[in-house]
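Observations on chain architecture
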Amino acid sequence: MPQGSFGEIRAFNDFTALASDVTLVAGVNDLPGGNGWAAISENEGTVAEIVDESGGVIQFTTDTADNDNVGLVAGPFDPSQGPVSFEARFKCPTVVTRQAVYAGLTETMALGTPVMPAEFATATMTYNGSGGMLGMVWDPDASANAWKAVCGDGGAVSNSGNYGANGTNATDAMVADEYDIVRVVLHPGGGGEVWHDEELVASGATGLTTSDLFYAVLMMENRTSANEELQVDYVAAKGIRDWTV
């Protein structure tokens, strides 16, 4: 039974707190304004405010080694207490063929040395970590680039009938300097929804254990030995507080 007035947990950052350039360190970093979100990175990276666009936009830039990454993380959240949702609006400003992006929920997240929850190479999805995940993947290592809804657990697909062993393709691809909106919802009963822009890409039973704890994450990882950029308009996540503990 609720013991207070704040049963819903919200993490939202619109990046309107102006910030000077910051160099990230490996692991967890504070963000301008914070608001429930932190920055994570493999090796170094940088954070800078974009001042020629309205509404608050922040840019993350990876370090220069292949497979360096940067990302935003909030949580963890407990889906068994009520729906957990993630939403972000973001873009890659220059190219979309040299960086992979994961947007959604993940149980496994090594905060000191973060790893992309899922990756797609040639024609195969790889589910990293031992925990559950539900989200969208863009990976230029694919033979044919496409946004893919993904659901996995224990290093393998979870409920391939609803989400596909190698993901389910969205209609629209990533376009340089054009915003994508990804929304992901995991319900207490194990049902899920994965949206890209206004399209419901995949939905239905996930097979995930909803008493597990999930992070909300938006991560970008380079696929060449060069730094890559991710610009974020906003990130949001919310869940329900566990009053039993």
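Notes on the structure follow. (Residues numbered from 1 in each chain as written. Predicted model: local features only at pLDDT ≥ 70, side-chain atom pairs only at ≥ 80, totals over all residues. Heavy atoms only, no water.)

A general tendency of soluble globular proteins is for nonpolar side chains to be buried together. Core analysis: the biggest nonpolar cluster contains 46 residues, and W37, F86, F90, L218 and V232 have the highest contact counts within it. With near-sequence residues (within four places) excluded, L218 lies in contact with V70, G71, L72, F86, A88, F90, V101, Y102, A103, L230, V232 and V235. One finds F120, M125, A142 and M219 within the second-largest nonpolar core, a separate group that totals 18 residues. (Core = buried A, V, L, I, M, F, W, Y, C linked by side-chain atoms within 4.5 Å. Buried < 20%, exposed > 50% of the residue type's maximum accessible area, 1.4 Å probe, protein only. Contact = heavy atoms within 4.5 Å.)

Time to look at unusual backbone geometry. Looking along the chain, the bond that leaves G75 and enters P76 is cis, with omega of 5 degrees. By the element assignment, P76 lies in strand 7 (residues 69–77). Positive phi is not limited to glycine here, since D177 has a value of about 60 degrees. Here D177 lies in the loop between strand 15 (168–169) and strand 16 (180–186). (Helix = DSSP H or I, 4+ residues; strand = E, 2+ residues; numbered from the N terminus.)

What follows covers the pairing of strand 12 (residues 133–138). The element strand 12 is extensively covered by neighbouring structure, given that six of its six residues are classed as buried. Side chains M133, G135 and V137 project from strand 12 onto one buried face, and the interleaved L134, M136 and W138 project onto a second face that is buried too. Pairing of strand 9 (residues 99–106) with strand 12, which is carried by six bridges, proceeds in the antiparallel orientation. Directly across from G104, in strand 12, lies its bridge partner G135. Where strand 12 and strand 13 (residues 148–153) come together, five bridges link them in antiparallel fashion. Its bridge partner being in strand 13, M133 is matched across the sheet by G152. (Pairing = 2+ DSSP bridges.)

Attention now goes to the pattern of salt bridges. Between side chains of opposite charge, a pair can form when the charged atoms approach closely. Under the defined criterion, the tally for this structure stands at 10 salt bridges. The residue K91 makes a salt bridge to E53 at a minimum N-O spacing of 2.7 Å. Of this pair, K91 sits in strand 8 (residues 84–91) while E53 sits in the loop between strand 5 (45–50) and strand 6 (57–62), placing them 38 residues apart in sequence. Look at E53 and you get partly exposed, because its relative accessible area is 28%. For E228, the salt bridge identified is with R98, shortest N-O distance 2.7 Å. Of this pair, E228 sits in the loop between strand 19 (214–222) and strand 20 (229–240) while R98 sits in the loop between strand 8 and strand 9; the two residues are 130 residues apart in sequence, bridging distant segments of the chain. Residue E228 is classed as buried on the basis of its relative accessible area of 3%. Linked through salt bridges whose partners overlap, the residues forming this network are E119, D139, D141, E221 and R223. (Salt bridge = Lys/Arg side-chain N within 4 Å of Asp/Glu carboxyl O.)

Moving on, we come to the environment of A121. Residue placement: A121 occurs in strand 10 (residues 118–121). Between the alpha carbons of A121 and A110 there is a distance of 22 Å; along the sequence they are 11 residues apart. Other than its neighbours up to four places away in sequence, A121 contacts D141 and A142.

A few words on a negative patch on the surface. A surface patch of like charges, here negative, comprises D172, E178, D197 and E198. Within the fold, D197 resides in the loop between strand 17 (191–196) and strand 18 (199–205). (Patch = residues over 30% accessible without salt bridge, like charges linked within 9 Å, V, L, I, M, F, W, Y side chains within 5 Å. Areas by Shrake-Rupley, 256 points an atom, 1.4 Å probe, with all protein chains shown as cover. Lys, Arg positive; Asp, Glu negative; His and termini not counted. Charge placed at Lys NZ, Arg CZ, Asp CG, Glu CD.)

For any pair of aromatic rings, the description consists of the separation of the ring centres together with the inter-plane angle of the planes. Taken as a whole and assessed by the stated rule, the structure comprises three aromatic pairs. Between F12 and Y234 the ring centres are 6.1 Å apart and the planes differ by 35 degrees, which places this aromatic pair in the tilted class. Of the two residues, F12 is situated in strand 1 (residues 8–13) and Y234 in strand 20; the sequence distance between them amounts to 222 residues. Among the residues examined, Y234 registers a relative accessible area of 15% and is labelled buried. Through successive ring pairs, a cluster of aromatic residues spans F90, W138 and W147. The residue whose ring lies beneath R89 is Y179, and the NZ or CZ to ring-centre distance is 3.8 Å. Between the NZ or CZ atom of K148 and the centre of the ring of F120, over which it lies, the distance is 4.4 Å. (Phe/Tyr/Trp six-rings, centres within 6.5 Å; stacked < 30°, edge-to-face > 60°. Lys NZ or Arg CZ within 6 Å of the ring centre and 35° of its normal.)

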